[in-house]
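Residues per chain are reported as follows:
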Amino acid sequence: MNLIIMGAPGSGKGTQAALICKAHNIPHISTGDILRKNIADGTELGKQAKAFMDAGKLVPDELVVALLKDRIEQADCKNGFLLDGFPRTKAQADALGKIVNIDVALNLETDLGKLADRMASRRVCPKCGYSTSASAAPDGKCKECGEALIIRDDDKREVVENRLKVYAENTAPLVDYYKAAGLLKNIDGMQAIDDVNKAIEAALK
Ligand code: AMP
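Residues numbered from 1 in each chain as written. Predicted model: local features only at pLDDT ≥ 70, side-chain atom pairs only at ≥ 80, totals over all residues. Heavy atoms only, no water.

Trainee: Give me the lowdown on the site of the ligand, citing residues and values where you can.
Mentor: Surrounding the ligand, one finds 16 residues, the nearest of these being Thr31, Lys57, Gly85, Gln92 and Arg163. Within the contact set of the ligand, a nitrogen atom lies 2.8 Å away from a side-chain nitrogen or oxygen of Thr31. Protein contact buries 96% of the 480 Å² of open area that the ligand shows by itself. Broken down by element, the shell around the ligand gets its largest block of residues, four residues, from helix 2 (residues 31-41). Split by residue class, the shell around the ligand holds six nonpolar, four polar and six charged. (Near = heavy atom within 4 Å. Polar contact = N/O pair within 3.5 Å; in protein donor to acceptor, adjacent residues only side chain to side chain. Areas by Shrake-Rupley, 256 points an atom, 1.4 Å probe, with all protein chains shown as cover. Helix = DSSP H or I, 4+ residues; strand = E, 2+ residues; numbered from the N terminus. Nonpolar A, V, L, I, M, F, W, Y, C, P; charged D, E, K, R; others polar.)

Rendered as structure tokens:
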């Protein structure tokens, strides 16, 4: 199954993506994670992407499409994959359609007004990628590996607002794009994590 999960920044996409990939045994391909790894590893791609990411802007399409194409062509994607954070523009969606067929585009519907607060309280583990909220981890430590949790640079308030604006302008129109293609499944993303997951599984049947 070749899947896309869409939703605003902070909508819980990453959390749901991990659950879907475990249940269906497919790789979770997050362009944001791949870009952050490139920055951490000091690669040329990372150097080019960093300034855009720190400002909450989109990394140019040609860079992201090339990295995505590379990733999808790897052997573990043979039986399907889940894309998280890609496509983010119509140009990326068009490019994707030329690389591979998509079976379902899931869309987590959320209340944009509440997401800025959710993102400002997000804490992530720099070592294993675990994501939680400040209130769920009062000791500031990762539940999975014990590392000290951090706030992503682009989860800082001033950047969050820009990310939500960029989402509304560039990415929200992709909902209509996949609706027109007959691939869209809308999911209420403001429910509890388990209930969102149940709704997704029902939509994939
Ligand atoms: P994410 O972890 O998906 O929220 O992505 C974090 C940041 O990485 C975004 O704010 C963008 O700067 C960049 N990014 C991730 N995926 C893409 C994409 N498909 N197109 C352009 N920029 C991206």
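Read on for the rest.
Trainee: Explain the sheet that holds strand 7 (residues 184-188) to me, and be specific about the residues and the numbers.
Mentor: Taking strand neighbours across the sheet as the criterion, the five strands line up as 2-3-1-4-7 in an open arrangement whose pairing is parallel. The sheet is open, and its two edges are formed by strand 2 (28-30) and strand 7, each paired on a single side. With strand direction ignored, the average angle separating the axes of adjacent strands in the sheet is 25°. Pairing analysis gives three bridges linking strand 2 to strand 3 (residues 81-84), with the strands arranged parallel. Residue pairing in the sheet places Ser30 in a bridge with Asp84 of strand 3. Of the strands in this sheet, strand 1 (2-7), strand 2, strand 3 and strand 4 (104-109) are in contact with helix 1 (residues 13-24), which crosses strand 1 at around 160°. (Pairing = 2+ DSSP bridges. Axes fitted to C-alpha atoms, helices over the stretch in contact; angles between N-to-C directions. Contact = heavy atoms within 4.5 Å.)

Trainee: An account of the pairing of strand 3 is needed here, citing residue identities and associated values.
Mentor: The side-chain alternation of strand 3 yields two buried faces, one formed by Phe81 and Leu83 and the other by Leu82 and Asp84. Bridge analysis of strand 1 against strand 3 gives four bridges, and the strand direction is parallel. Bridging from a neighbouring strand, Ile5 pairs with Asp84 of strand 3. (Buried < 20%, exposed > 50% of the residue type's maximum accessible area, 1.4 Å probe, protein only.)

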